[in-house]
Amino acid sequence: MSLKAFAAKIFANRIAKKTKKWVDQPVKTQQKVFNQLVAQAKNTVFGKDHQFQTIKSHQDFVERVPIRDYEELKGYVQQIIDGKADVLWPGKPSYFAKTSGTTSGAKYIPITKPSIKNQVEASRNAILNYIHETGNADFVDGRMIFLQGSPILEEKNGIKLGRLSGISAHYVPNYLQKNRLPSWETNCIEDWETKVEKIVEETEKENMTVIAGIPSWVQMYFEKLNAKTGKKVGNLFKEFQLFIYGGVNYEPYRAKFENLIGRKVDSIELFPASEGFFAYQNSQKEKGMLLLLDAGIFYEFVKADQFFDESPKRLTLAEVELDVDYAMVISTNAGLWGYNLGDTVRFTSKDPYKIVVSGRIKHFISAFGEHVIAKEVEEALRLAMEQTDAVVNEFTVAPQTNPDEGELPYHEWFIEFQQEPSDWDKFSEIIEESMKKQNSYYFDLIEGNILQPLKISSIKPNGFQDYMKSIGKLGGQNKVQRLANDRKVADGLQPFKIS
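A few points on the structure. (Residues numbered from 1 in each chain as written. Predicted model: local features only at pLDDT ≥ 70, side-chain atom pairs only at ≥ 80, totals over all residues. Heavy atoms only, no water.)

## Quick look at the sheet that holds strand E13 (residues 325-332)
Each strand in a sheet pairs with another by means of backbone hydrogen bonds, the pair being arranged parallel or else antiparallel.
Phase 1 of the analysis: Spatially, 11 strands are ordered E6-E3-E7-E8-E9-E10-E11-E15-E14-E13-E12 in an open sheet, and the strand pairing comes out mixed. The open sheet has two edge strands with one neighbour each: strand E6 (180-181) and strand E12 (297-303).
Phase 2 of the analysis: Pairing geometry for strand E10 (residues 276-280) and strand E11 (residues 289-291), over two bridges, is antiparallel. Bridge pairing in E11 links Ala279 to Leu291. (Pairing = 2+ DSSP bridges. Helix = DSSP H or I, 4+ residues; strand = E, 2+ residues; numbered from the N terminus.)

## What to know about the pairing of strand E14 (residues 339-350)
Phase 1 of the analysis: Of all the 12 residues making up E14, nine are buried; the element is thus mostly covered by neighbouring parts of the structure.
Phase 2 of the analysis: One ladder, built from five bridges, connects E13 with E14; its direction is antiparallel. Within the sheet, the bridge partner assigned to Ile330 lies in E14 and is Tyr339.
Phase 3 of the analysis: The antiparallel pairing of E13 with E14 creates a hairpin that spans six residues between the two strands, and Gly335 there sits at a positive phi of about 95°.
Phase 4 of the analysis: For E14 and strand E15 (residues 353-360), the ladder comprises seven bridges, and the chain directions are antiparallel. Across the sheet, Thr344 pairs through a bridge with Gly359, a residue of E15. (Buried < 20%, exposed > 50% of the residue type's maximum accessible area, 1.4 Å probe, protein only.)

## Regarding empty space enclosed by the protein
Phase 1 of the analysis: A complete count under the given rule lists five cavities of 30 Å³ or more for this structure.
Phase 2 of the analysis: Quantified by volume, the largest cavity comes out at close to 130 Å³.
Phase 3 of the analysis: Around the largest cavity, the lining comprises 13 residues; the ones closest to its centre are Ser216, Gln219, Glu394, Phe464 and Gln465.
Phase 4 of the analysis: Elements supplying a minimum of two residues to the lining of the largest cavity: helix H11 (215-229), strand E18 (391-400) and helix H17 (463-470).
Phase 5 of the analysis: At four residues, the largest contribution of residues to the lining of the largest cavity is made by H11.
Phase 6 of the analysis: Along the lines of polarity and charge, the residues of the lining of the largest cavity split into five nonpolar, five polar and three charged.
Phase 7 of the analysis: What the second largest cavity holds in volume is close to 80 Å³.
Phase 8 of the analysis: Contributing to the lining of the second largest cavity are 15 residues, with Ser115, Gln119, Glu275, Gly276 and Asn333 lying nearest its centre.
Phase 9 of the analysis: Those elements that provide at least two residues to the lining of the second largest cavity are strand E2 (106-111), helix H6 (113-134) and E10. (1 Å grid on protein atoms, 1.4 Å probe; cavity = no way out; pocket = protein on both sides within 12 Å on 5 of 7 lines; lining within 4 Å. Points joined across faces, edges and corners; volume = space filled by probe spheres on them. Nonpolar A, V, L, I, M, F, W, Y, C, P; charged D, E, K, R; others polar.)

## Brief notes about the sheet that holds strand E20 (residues 455-458)
Phase 1 of the analysis: Sheet architecture is open: three strands sit in the order E18-E19-E20, paired in mixed fashion. Strand pairing shows two members of the sheet lacking a second neighbour, E18 and E20, which therefore form its edges. Pairwise comparison of adjacent strand axes, ignoring direction, gives a mean angle of 25° for this sheet.
Phase 2 of the analysis: As paired elements, strand E19 (residues 410-419) and E20 share four bridges and run parallel to each other. Its bridge partner being in E20, Ile415 is matched across the sheet by Ser458.
Phase 3 of the analysis: Sitting on the sheet, helix H13 (residues 251-261) is in contact with E18 and E19, with an inclination near 155° to E18. (Axes fitted to C-alpha atoms, helices over the stretch in contact; angles between N-to-C directions. Contact = heavy atoms within 4.5 Å.)

## Points about H13
Phase 1 of the analysis: Every buried residue of H13 is listed here: Pro252, Tyr253, Lys256, Phe257, Leu260 and Ile261. Burial along H13 is one-sided: seen end-on, the buried residues are contained in an arc of 130°.
Phase 2 of the analysis: Taken together, the buried residues of H13 touch H11, helix H12 (233-236), strand E8 (242-246), helix H14 (374-387), E18 and E19.
Phase 3 of the analysis: Two residues or fewer past H13, Gly262 is found with a positive phi of approximately 90°. (Arc of directions from axis to C-beta.)

## Things to note about the nonpolar core
Phase 1 of the analysis: Counting 84 residues, the largest nonpolar core has Tyr299, Phe301 and Trp337 as its most contacted members.
Phase 2 of the analysis: If you tally residues by element for this core, the top one is H6, at seven residues.
Phase 3 of the analysis: When sequence neighbours within four positions are dropped, the list of residues in contact with Tyr299 reads Gln30, Phe277, Phe278, Leu291, Leu292, Leu293, Leu315, Thr316, Met328, Val329 and Ile330.
Phase 4 of the analysis: Val248, Ala398, Ile459 and Leu474 belong to the second largest nonpolar core, which has 41 residues in total. (Core = buried A, V, L, I, M, F, W, Y, C linked by side-chain atoms within 4.5 Å.)

## Things to note about a negative patch on the surface
Phase 1 of the analysis: A cluster of acidic side chains, namely Asp389, Asp423, Asp425 and Glu429, defines a negative patch on the protein surface.
Phase 2 of the analysis: By the secondary structure assignment, Asp425 is in helix H15 (residues 424-438).
Phase 3 of the analysis: For Asp425, a relative accessible area of 62% translates into the label exposed. (Patch = residues over 30% accessible without salt bridge, like charges linked within 9 Å, V, L, I, M, F, W, Y side chains within 5 Å. Areas by Shrake-Rupley, 256 points an atom, 1.4 Å probe, with all protein chains shown as cover. Salt bridge = Lys/Arg side-chain N within 4 Å of Asp/Glu carboxyl O. Lys, Arg positive; Asp, Glu negative; His and termini not counted. Charge placed at Lys NZ, Arg CZ, Asp CG, Glu CD.)

## Re the environment of Ile456
Phase 1 of the analysis: Its place among the elements puts Ile456 in strand E20.
Phase 2 of the analysis: Along the primary structure Ile456 and Lys113 are separated by 343 residues, whereas in three dimensions their C-alpha atoms are 48 Å apart.
Phase 3 of the analysis: Setting aside anything within four residues of it in sequence, one finds Ile456 in contact with Trp413, Ile415, Phe417, Trp424, Phe427 and Ser428.

Quick look at the structure:
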């Protein structure tokens, strides 16, 4: 064992002990975070507007601070952009993380010194936790690649601005700098396809041990490696041991990845966002990610099926139940208050508190009252791949509310296959039966002849990549929307369908 690997084990043990302290007292930890956040922000513009000085309990907070999304918080953010200090958090943020907005262009998410510190520590601790659990630290001696956005930052009134992954690139610890790829120059390339080609050149002859990124874009990297070298990734990188990912559910990609790699490797799932780093996978044996309770974030949870009610109940950690979908609402040391993150989560454990991401509160299909969520379609597709010879690259689902004359409406599945099923009927039937089993509303609509069974539309090879490129969202942190209640994505995919 190298000195570096030995030191990593010692550090991992230290962090594990520190983590255990807050894991063992979750509710107390969250109450402490809540009290600190409110106290520190009471003299900000937002704090004064919402009478933070009078807040003594969570109920006080609920009464004074409504749930907001970015559009509703935008007025405060604009004050910061215009140069004002002490608006959402004391002082000015260190950065704005620029993300794609849904209704009004770009969003500028504030990142403060304490919040970026929490982000960096969480990503580090995810790896250290893996070392502590498995005892494997040999990978620290090899090369590591993190597929991410450009680290080039702009400025707005003295505040640096860029993609979260680009901002994070400035915080890679010194002890990893020599191991890290791609080069700074390559990381600065904006065009994603050009960037991946260059990354292939830089890495194909290296001893890669850790590879990290959003699965869909890592898949592109693996495919280009395979095409150039003619080798499986696991044969090309014989010491490749760990895949780190976040942003989307890995399960729809797992079969394809194992085929591209040629063998199984351990993986760590992360749940980071511009708004905060919320959870990471803390066990190779158990499902779910450990919810980070001491990372400057106070969590509230609203049952997903009640979220759009007039006054939905906002639950604290102590009140959540297992296997229920919740919209996650956050208040943070970056100055986001009662902020609707947009993600839905489901608790898999309360000792410790562990979650899986089940979808987006706005990404669902309920054109006919079926309330279908991402978790359901992903599970159905996983089963279909597991029980047939099909391999799927990418997919999305949309309702067809205006079918041909004489037909019932249906759900249309747009799927790009690496390998088409030899038995299409069986493949479709497995998906259909899984959807009916998981979702009683969908079952009733099918049985009541309101909907007909799903239909599959095949997408051309690389069709999803070409679609994302056509809308200017190829690479980086951009992800294909798994499902929608409208036909916007479906219509965009029409030129890429196999007729």
